[in-house]
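Analysis of the macromolecular model
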Amino acid sequence: MVMTQQMRVGVLGAGGLGRGMAQLCAQRNDIRLVAMADSQAYAFDAQGLDPLAVADCSTLLDVAGAVPSADSIIDLLKAHGSQIDGLFMALPNLPVTFYAETVQMILNETGYKGVMVDALKRTKAVEAMLGLKDQIRDRGMVYITGCGATPGFLSTAAAVAAQSFVEVTEVKIWFGVGVACWEDYKATIREDFLHMPGFTADQVYAMTDADIEAELAKHNGLLELHHMEHADDLLLEMAGVCSRDRVTVGGLVDTKSPNKPVSTTVTITGRTMSGKTGSHTFTLSDATTMVDNVCGPALGFLRAGHLLQADAKSGLFASTQVMPVYTLASVSLPAVAV
Ligand code: NAD
């Protein structure tokens, strides 16, 4: 019988996506959630955290055995980094360099050398991350950037769909997101304002929760976003699919209902070998939520990173350059020394 070796996963950030990831891990017997960190504390258990206790908390301080810390990520990784195979970053990214600065701190202050994936959205954020690629490779880490829904799931699907064409002329992503309460996904909704006309990053950073609430009320809770500065463009360019100016991203975000206001699609248009123009469209099921489409692929990319490390590979990869790994419980995972 093939034995399954669980991948030991930590989640940085315990907001909407971090807690969603904890709930997903509870249903995956190939994954053991061993650590979480938020802005006030970290929790670690080598045997596995109780994902449902974590999923229910408003801060990790409420979780039995959590360690209060104002520098929770560094304290967690200093104390337990060697027992964590992979990390999912579910942190806010305002200012836009926050993830790159956090990874730089991890490199400087801890010896962590497992796999890391992020669900970064903005092109500038991924560009900042690329500046760390030599340090990441030299550390022996595998870091896969842009592993959420968009970029991530949709841009990787586009990279697969591109294979039928001799030239890709357009990639158009149009997403629908529905959340019952914006406060469950504060960073996600706040960052969406960056793409609304008339808002600058500095303004959005300075807005209070009450300001966000008031802006949402002006739009009846529905945000319509066009020509977003989204890293799908850079990640598809890195994968050699097309130049970034051929990629557009937009969508509708309903902050008053868990139902999607529109189905999420990615349409890849290209020129065929015989000179015709054609399009493939990939439509996500309306039954899937933002958590399904961000956390599921993020786990798939974590698993892919783990396999790369087992094969002695290291470095920084774009999600579009790596196929996420979907693992059934009966498939074995190689052991990785970290
Ligand atoms: P959230 O605001 O609900 O939660 C953020 C969490 O990070 C909180 O638990 C907070 O305590 C923690 N945190 C903040 N600063 C910290 C620090 N210095 N150290 C440790 N923890 C810290 O956020 P969310 O809505 O879950 O979104 C998380 C990220 O996911 C955002 O960057 C968002 O843009 C991204 N996202 C990506 C996609 C995609 O498809 N790529 C989709 C949705 C969200």
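The notes below deal with the structure included here. This is a predicted model, so every value here is computed, not measured.

How two helices pack is summed up by the angle between their axes together with the distance between the axes. Following both chains from N to C, one finds helix H3 (residues 72-80) and helix H4 (residues 98-109) inclined at 35°, their axes separated by 10 Å at the closest point. Judged by the twist between their axes, the crossing of H3 over H4 is right-handed. Facing H3, whose interface residues are Ile-73, Ile-74, Leu-77 and Lys-78, H4 presents Thr-102, Met-105, Ile-106 and Glu-109. When the residues that make up the contact of H3 with H4 are grouped by side-chain class, the tally is five nonpolar, one polar and two charged.

Under the counting rule described, the total for this entry stands at two aromatic pairs. Between the aromatic rings of Phe-153 and Phe-282, the centroid separation amounts to 5.8 Å while the plane-to-plane angle is 90°, which identifies the pairing as edge-to-face. Separated by 129 residues along the polypeptide, Phe-153 in helix H7 (residues 153-161) and Phe-282 in strand S12 (residues 277-283) bring together distant segments of the chain. Geometrically, the ring pair formed by Phe-193 and Phe-199 is edge-to-face, given 5.3 Å between the ring centres and 65° between the ring planes. Each member of the pair, Phe-193 as well as Phe-199, is classed as buried. Sitting above the plane of the Tyr-326 ring, Arg-28 keeps its charged end 5.9 Å from the centroid.

Now for the site of the ligand. The local shell around the ligand holds 30 residues, among which Ala-14, Leu-17, Leu-91, Thr-188 and Glu-191 are the closest. Separating a nitrogen atom of the ligand from a backbone N or O atom of Ala-119 is a distance of 3.1 Å. Thr-150 is positioned with one of its backbone polar atoms (N or O) 3.0 Å from an oxygen atom of the ligand. Contact with the protein chains covers 86% of the free accessible surface of the ligand, which is 870 Å². The set of elements that each furnish at least two residues to the shell around the ligand consists of helix H1 (16-26), H3, H4, helix H8 (186-192) and helix H12 (290-310). The element best represented in the shell around the ligand is H8, accounting for four residues. Among the residues forming the shell around the ligand, the class breakdown is 16 nonpolar, nine polar and five charged.

A probe matching the size of a water molecule, rolled over the atoms, marks out where space remains unfilled. Within this model, the second largest pocket holds a volume of roughly 340 Å³. Around the second largest pocket, the lining is made up of 20 residues, and of these Gly-296, Pro-297, Gly-300, Val-325 and Tyr-326 lie nearest the centre. When its residues are assigned to classes, the lining of the second largest pocket shows twelve nonpolar, six polar and two charged.

Within H7, seven of the nine residues are buried, which leaves the element mostly enclosed by the surrounding structure. By the burial criterion, the buried members of H7 are Leu-154, Ser-155, Thr-156, Ala-157, Ala-158, Ala-159 and Ala-161. Looking at the buried side of H7, the elements it contacts are strand S8 (167-178), helix H11 (232-238), strand S11 (265-271), S12 and H12.

Another aspect to go through is H3. Side chains of residues three or four places apart in an α-helix project in the same direction, reflecting 3.6 residues per turn. Considered for burial, the residues of H3 that qualify are Ser-72, Ile-73, Ile-74, Leu-76, Leu-77 and His-80. Those residues of H3 hidden inside the fold are in contact with strand S1 (7-12), strand S2 (31-37), strand S3 (41-44), strand S5 (86-89) and H4.

So, on to the packing of H1 against H12. Orientation of H1 relative to H12, taken along the N-to-C sense of each, is 65°, at an axis distance of 9 Å. The angle between H1 and H12 places the two elements in the roughly perpendicular class. Between H1 and H12 lies a crossing whose hand is right-handed. On H12, the residues touching Gly-16, Leu-17, Gly-20, Met-21 and Leu-24 of H1 are Val-291, Val-294, Cys-295, Gly-296, Ala-298 and Leu-299. Along the lines of polarity and charge, the residues of the contact of H1 with H12 split into eight nonpolar, three polar and no charged.

Conventions adopted
Residues numbered from 1 in each chain as written. Predicted model: local features only at pLDDT ≥ 70, side-chain atom pairs only at ≥ 80, totals over all residues. Heavy atoms only, no water. Axes fitted to C-alpha atoms, helices over the stretch in contact; angles between N-to-C directions. Helix = DSSP H or I, 4+ residues; strand = E, 2+ residues; numbered from the N terminus. Left-handed = near helix turned anticlockwise from the far one by under 90°. Contact = heavy atoms within 4.5 Å. Nonpolar A, V, L, I, M, F, W, Y, C, P; charged D, E, K, R; others polar. Phe/Tyr/Trp six-rings, centres within 6.5 Å; stacked < 30°, edge-to-face > 60°. Buried < 20%, exposed > 50% of the residue type's maximum accessible area, 1.4 Å probe, protein only. Lys NZ or Arg CZ within 6 Å of the ring centre and 35° of its normal. Near = heavy atom within 4 Å. Polar contact = N/O pair within 3.5 Å; in protein donor to acceptor, adjacent residues only side chain to side chain. Areas by Shrake-Rupley, 256 points an atom, 1.4 Å probe, with all protein chains shown as cover. 1 Å grid on protein atoms, 1.4 Å probe; cavity = no way out; pocket = protein on both sides within 12 Å on 5 of 7 lines; lining within 4 Å. Points joined across faces, edges and corners; volume = space filled by probe spheres on them. Parallel < 35°, antiparallel > 145°, perpendicular 65-115°, else oblique.

Remember, this is a structural readout, not a statement about activity or role.
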